[in-house]
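Chain by chain, the residues:
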Amino acid sequence: YHSSFNTYFTTLIFSDILIVFLALRYNGEYYKVFRYSAFVLVTVLLRIALTAEPYIQIGLGIFGVVYSIGLTAVYNYHGNLHRTRPHRENRINEG
């Protein structure tokens, strides 16, 4: 039981880091890379929470959930701003 969680979350953390590296390579949009990086942090927090003492587990679990909800709100806000504003290149070419 315990070793399967270790294996699962270790694999999940490394795959999240791989996604961040791929996003840095192929995606120039900072807010998307920010989201991927922050979700790696949440995954690490949840991994630590599973192996910590009970009271620390609760605190880290709640913090991870609140952090990921806040991250999603910030990402959605900036994503909407990014989609509604014209790109800088388009403004330069138009003017």
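Here the structure is a predicted model, which is why all the values come from computation and not from measurement.

A. Representation of the overall build of the protein chain in the model. A tally of helices and strands in the protein chain yields 4 helices and 0 strands. Looking at the protein chain residue by residue over its 95 residues, the buried ones come to 22%. For the protein chain, the accessible surface area stands at approximately 7200 Å², while carbon and sulfur atoms represent 65% of it.

B. Seen up close, a nonpolar patch on the surface. Taken together, Tyr 55, Ile 58, Ile 62 and Val 66 make up a surface patch of nonpolar side chains, about 500 Å² in accessible area. Mapped onto the secondary structure, Ile 62 falls in helix H3 (residues 54-84). Overall, Ile 62 belongs to the exposed group, its relative accessible area being 53%.

C. Local environment of helix H2 (residues 30-51). Spanning 22 residues, H2 covers 32 Å between terminal C-alpha atoms, matching the ideal 32 Å at 1.5 Å per step. For H2, every residue scored as buried is listed here: Tyr 31, Val 33, Ala 38, Val 40, Val 42, Thr 43, Leu 45 and Ala 49.

D. How the structure looks around the side chain of Ser 68. Relative to the assigned elements, Ser 68 resides in helix H3. Exposure remark for Ser 68: the relative accessible area of 16% places this residue in the buried category.

E. Spatial organisation of the environment of Val 74. Within the element layout of this structure, Val 74 appears in helix H3. Among the residues examined, Val 74 registers a relative accessible area of 38% and is labelled partly exposed. Val 74 sits 43 residues away from Tyr 31 along the chain, and the two C-alpha atoms are 9.1 Å apart.

F. How the structure looks around the side chain of Thr 43. In this fold, Thr 43 is placed in helix H2. Note on Thr 43: relative accessible area 9%, which makes it buried. Beyond its immediate stretch of four places on either side in the chain, Thr 43 contacts Phe 9, Leu 12, Ile 13 and Asp 16.

Cut-offs used in this document
Residues numbered from 1 in each chain as written. Predicted model: local features only at pLDDT ≥ 70, side-chain atom pairs only at ≥ 80, totals over all residues. Heavy atoms only, no water. Helix = DSSP H or I, 4+ residues; strand = E, 2+ residues; numbered from the N terminus. Buried < 20%, exposed > 50% of the residue type's maximum accessible area, 1.4 Å probe, protein only. Areas by Shrake-Rupley, 256 points an atom, 1.4 Å probe, with all protein chains shown as cover. Patch = residues over 30% accessible without salt bridge, like charges linked within 9 Å, V, L, I, M, F, W, Y side chains within 5 Å. Salt bridge = Lys/Arg side-chain N within 4 Å of Asp/Glu carboxyl O. Expected span 1.5 Å × (residues − 1). Contact = heavy atoms within 4.5 Å.

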